[in-house]
Amino acid sequence: MQTFYTIALLLTGVILSNIIKQLVPRIPEAFILIIVGVILSFTPAFHNFELRPEFFMLVVIAPIMFIDGQKQSFNRIRQRFRVVFFLSVVLAGASALVVGILTNNFETKWTLPVAIALAAIVTPIDAVAVKSMTSGTAMPENVNEALELESLFNDATGLVILDLALSVLQNGTFSAITGVEHFIFVALGGVIIGIIAGFLIVSLRVNLNMRANNPETIIIPISLLTPFLVYLLAEHLGTSGILAVVATGMVHNWESERLRLTSTRVQLTSATVWNTISSFLNSVVFLFLGVTLPMVWKDFIQMGTMTITQLIGISLLIYLSMLAIRYWWSVHENPDNPDHFLGPHDKSVHQLWSRIFAISGVHGTVTLAMAFSLPTRIGGHPFPYREELIVIATLVILISMLVSAISLPLMLPVKTTEYSLADIDHIRNKMVDYATLQLRDTIDDHAVREALTERLQSQKGALNGQIIDFDEYQELMFETKDFIVTYIHGPSISAKYSLEVVNIYEKILNNFVAPNFNPREHFVNRVHYIFKKNFKKVSGLCKHALWHVKNGQITKHQRTVARQKWLAAQPSDTLQQRLDVRDALLELNNEVIDSTDKYLDDVLRGRLLRKQSNNQYINLVRRSINRYCSMVRHDYNKQAVFVSSDLYIQAFQQEYNFIQRGVSRGVITPEMATVLYDYDEINQAQSLQLQRTQQLQIITS
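The next subject is the overall build of the chain. Tallying secondary structure elements over the chain gives 28 helices and two strands in all. Within the chain, the fraction of its 701 residues that count as buried is 46%. The long-range fraction of contacts in the chain, counting pairs at least 24 apart against all pairs at least 6 apart in sequence, stands at 81%. When the accessible surface of the chain is split by element, carbon and sulfur atoms take 62% of a total near 36900 Å².

Here we come to the pattern of salt bridges. Any two side chains of opposite charge can pair, on the condition that their charged atoms come close. Tallied over the full model, the rule gives 16 salt bridges. A salt bridge links Lys496 to Glu587, with the nearest nitrogen and oxygen atoms 3.4 Å apart. You can see Lys496 sitting in the loop between α20 (491-494) and α21 (499-511) and its partner Glu587 sitting in helix α24 (residues 572-609), a full 91 residues away along the chain. Judged by its relative accessible area of 38%, Glu587 falls in the partly exposed class. Among the charged side chains, a salt-bridge network with shared partners connects Arg440, Arg449, Glu450, Asp594, Asp597, Asp601 and Arg622.

A few words now on the packing of aromatic side chains. A complete count under the given rule lists nine aromatic pairs for this structure. Seen in terms of ring centroids, Phe66 and Trp274 are 5.3 Å apart; in terms of plane orientation they differ by 55°. Their pairing is tilted. Taken as a pair, Phe66 in helix α3 (residues 53-70) and Trp274 in helix α12 (residues 264-301) lie far apart in primary sequence, 208 residues in all. As far as burial versus exposure is concerned, Phe66 and Trp274 are alike and both buried. When the ring of Trp297 is compared with that of Phe300, the centres are 5.7 Å apart and the planes differ by 40°; the resulting orientation is tilted.

Every α-helix winds through 3.6 residues per turn, so residues three or four apart in the chain are directed the same way. Between its first and last C-alpha atoms helix α18 (residues 446-457) spans 16 Å; for twelve residues at 1.5 Å apiece the expected length is 16 Å, and the two agree. Of all twelve residues in α18, nine are buried, a share of seventy percent or more. Listing the buried residues of α18 in full gives His446, Val448, Arg449, Glu450, Ala451, Leu452, Thr453, Leu456 and Gln457. The N-cap of α18, judged by a side-chain oxygen 2.9 Å from the amide nitrogen of Ala447 a few residues on, is Asp445.

For the rest of this paragraph, the subject is the packing of helix α1 (residues 2-23) against helix α2 (residues 29-40). At their nearest, the axes of α1 and α2 sit 9 Å apart, and the two run at 135° to each other. Between α1 and α2, the angle is such that the two are oblique. Pair α1 / α2 crosses with right-handed handedness. Contacts between α1 and α2 involve Leu9, Gly13, Leu16, Ser17, Asn18, Ile20 and Lys21 from the first element and Glu29, Ile32, Leu33, Val36 and Leu40 from the second. Classifying every residue of the contact of α1 with α2 by side-chain character gives seven nonpolar, three polar and two charged.

Moving on to a nonpolar patch on the surface. A surface patch of nonpolar side chains, amounting to about 570 Å² of accessible area, comprises Val180, Ile184, Leu188, Ile192, Ile196 and Leu200. Summarising the element assignment, Leu188 is placed in helix α9 (residues 176-211). By relative accessible area, Leu188 is classed as partly exposed at 48%.

Rules behind the numbers
Residues numbered from 1 in each chain as written. Predicted model: local features only at pLDDT ≥ 70, side-chain atom pairs only at ≥ 80, totals over all residues. Heavy atoms only, no water. Helix = DSSP H or I, 4+ residues; strand = E, 2+ residues; numbered from the N terminus. Buried < 20%, exposed > 50% of the residue type's maximum accessible area, 1.4 Å probe, protein only. Contact = heavy atoms within 4.5 Å. Areas by Shrake-Rupley, 256 points an atom, 1.4 Å probe, with all protein chains shown as cover. Salt bridge = Lys/Arg side-chain N within 4 Å of Asp/Glu carboxyl O. Phe/Tyr/Trp six-rings, centres within 6.5 Å; stacked < 30°, edge-to-face > 60°. Expected span 1.5 Å × (residues − 1). Polar contact = N/O pair within 3.5 Å; in protein donor to acceptor, adjacent residues only side chain to side chain. Axes fitted to C-alpha atoms, helices over the stretch in contact; angles between N-to-C directions. Parallel < 35°, antiparallel > 145°, perpendicular 65-115°, else oblique. Left-handed = near helix turned anticlockwise from the far one by under 90°. Nonpolar A, V, L, I, M, F, W, Y, C, P; charged D, E, K, R; others polar. Patch = residues over 30% accessible without salt bridge, like charges linked within 9 Å, V, L, I, M, F, W, Y side chains within 5 Å.

So far we have only geometry, and geometry alone does not tell us how the molecule works.
Below you can see the structure in the form of structure tokens.
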């Protein structure tokens, strides 16, 4: 149960953080998650919580690095190998060495291995934290690529250096040759194990994918287990589990390229699952940081004023020295080298990019996990200054996040695009309405036509995010009722139906009250309306029940007998006349449905010709009229309407055609077309709807 409560609280924390982010978008998401994590630390599940590094690295970091590896490719790493090596290994190693020596000279009580251990702990950077700080700003592509390449492997570099420092503390001796050999074995061994394991798993998945009848039930569970299995295997063999899962992720990227045009359902489902997991784990990283802060703070305040001041000074020194190293490293990059990681540049722009690169060296929870991984005893003695090292690591994390959160938005321009969300909504709405009209003209069955319309219109997000013009809704509602009245009094209807039938239908129409969707209506008036409506309904039910009790028609058998007696007492001519009127009303109602559908379709078509996209109110009117027509024919228990896959395919094809014509005419930019076509719009809507249709066919067959 403890594990369940922990997972439930983490999910609650992620949900709460997302809600707060919508309310205060100016605050970086990472800080919101940290604050929520601090709040969670007061719950029983996280009280006196201390991060378990083995669990954290396996369950959280391994899947994240596996996902990051899938975003890379062997070709890209091969082409940029020099950049990756110098950023992830040379820069990280140089930073650890300089910071270690500087810290050792500043804190004379520490031995050099202790200082190197601390330097190794603060070496890894967190690209996720950087993205959180720079959301809404235009990060230079070359700087962003450099940060991604650096963060891909420098976690492993820091872990290996930390392992070497702990080995020296354990054995009391250090050999440079042994250290280099150990580094090569751990790093290169992790990559080799990751590649071999990755190819074996990919081969298994490809073969199962080609042969299994329902491959997603096999492939996706294997995919979910992959980072954990590879990490545990690499760590068991004494190599880097982080490098292994990154390498395996890159191999899986190769698999995705190979299967791009096959097994679409597996690819779509797998991408959705991993995107969800990635988003959750990246949030959990900062929640864990917030949860651990109270414990670190508790140790911090017990150290005394002198020690606290000293630790803050060391933390600032470490951060500033690493900032200076990163800036010096990037600003002295040789522009004539074809592999320079910041790309072609002039002097002034290069200095700006170097400052951005230096400040973007944000440290995250991997640093904290490495700090907590320090053993309590080493070499038969208590680990020296363990609490101080954890406090310094935490302070360096917070300082780096605060500096980047303040500096980067000031240094970077606001992110702009050639289109806005309003432009996308405008095109999407017209696209959906166009496809809806094209299909409605080809479907004779009213129920199928309306069911397909509702499902296509749901691509707009229903009422969520749509600006409904309620005045236009009311106006169109009145116009539609006037159209129906004019239609039923027209010559074609008068020639076919008696005046009695027409008058009864008009009376029913006049009693119909359209629902009011206007949220601007005063709350008290709405409450009064609802109370009055429900009171009238309850009063009618009470009168109806009293009449049945008074006339002895309580049970179903009593009501059936009473109805049979009433029918037997009616003159045959009167009864037949009533039945004829009822049949005529139902037939007239069907004609009204068809004519009203065409009328509203013409209204929608006219607005599209005038390039108006805010047409949601027309669908609301259509929905209200359909409800009225269902009431006329007493169709209260509507059965599920089956819409064939062919109709969905035709509808999505019309949406494709709309976008293609818009691009060819220059009305829709290629970037907007990419968003609508490729990015979770038509493609995923098509796959999901066809999947649901297939499931319905299986259930009803």
